[in-house]
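Structural overview for review
Here's the letter readout for the chains.
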Amino acid sequence: MSNPLGLAVLGLLMEAPAHPHAMAATLRERGMDRAFKVTTGSLYDVVRALERAGWIEAQETIRVGGRPERTVYQYTELGREEFTRWVDELIRVPADEYPKFLSAVSYLGALGPDGAVAALRERAGRVRASMEETRQAHREVLEAGEVPRLFVVEAEYAVRMEEAELAWIEEIVDDIEAGRLTWPESAISRDDATEEAR
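As the structure is a computational prediction, the values presented were derived from the model and not from experiment.

Before going further, it helps to examine the pattern of salt bridges. Here the structure, examined in full by the defined rule, presents 13 salt bridges. Of the charged contacts, one joins Glu89 and Arg85 as a salt bridge, the two residues approaching to 3.3 Å between their closest N and O atoms. Here the residue Glu89 and the residue Arg85 both occupy positions in helix α4 (residues 77-92), the gap between them amounting to four residues, near one helical turn. With its nearest N and O atoms 2.5 Å apart, the salt bridge here joins Glu163 to Arg135. Taken together, the positions of Glu163 in helix α7 (residues 153-177) and Arg135 in helix α6 (residues 112-144) put the pair 28 residues apart, joining distant regions of the chain. Overall, the relative accessible area of 27% leaves Arg135 in the partly exposed class. A cluster of three or more residues bridged by salt bridges with shared partners is formed by Glu82, Arg85 and Glu89.

Turning next to the nonpolar core. Counting residues in hydrophobic clusters, the biggest one holds 23 residues, and the most contacted among them are Leu5, Val9 and Met23. Of all the elements in the fold, those that place two or more residues in this core are α1 (4-15), α2 (20-29), α3 (40-53) and α4. With seven residues, the top contributor of residues to this core is α1. Setting aside anything within four residues of it in sequence, one finds Met23 in contact with Val9, Leu12, Leu13, Ala18, Leu43, Val47 and Tyr73. Counting residues in each nonpolar core, the second largest holds 14 residues, with Ala116, Ala124, Val127 and Ile172 among its members.

Calculation criteria
Residues numbered from 1 in each chain as written. Predicted model: local features only at pLDDT ≥ 70, side-chain atom pairs only at ≥ 80, totals over all residues. Heavy atoms only, no water. Salt bridge = Lys/Arg side-chain N within 4 Å of Asp/Glu carboxyl O. Helix = DSSP H or I, 4+ residues; strand = E, 2+ residues; numbered from the N terminus. Buried < 20%, exposed > 50% of the residue type's maximum accessible area, 1.4 Å probe, protein only. Core = buried A, V, L, I, M, F, W, Y, C linked by side-chain atoms within 4.5 Å. Contact = heavy atoms within 4.5 Å.

These values are about where atoms sit, not about what they do.
What follows is the structure, encoded as structure tokens:
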């Protein structure tokens, strides 16, 4: 199993048995859908894969009111061992990740100085909004007192990453505006010609 959503499912089942619908709701309530891509289809696919691997098993099937039957899952001993091994490896061993923003920054020069500043400022605004949203959701979860801080500590990490990204963006914008990050004359001339053609 290499799908990070599997890690989230196992993590939730370490807390208590649950059915997939409740798992999805909990992930969203805790803001963990920012760390894991959660869709109904992908969640059920992962649950089936974990069951086939013997990492989780059905505990019971329940029906509440007129709702469809729901299967409640629990982790197995093998699932607990694999979950622990997986978390340990992910924390200990840095892995290459390929964020889209890093790919785009490699070609920042294509936007020209003005275009780069405009794009970076817009991103900075979105990062600020996301950071505040994450902080607020984290605060609400902790104030509700239903979940220990340890179970939502990833939100703190996400905020620190956004703070670092925001600081870097602001530094680059300052460097462009102050002329410390310069474009080759040929690139600026092409940008001017493109603007005039419009």
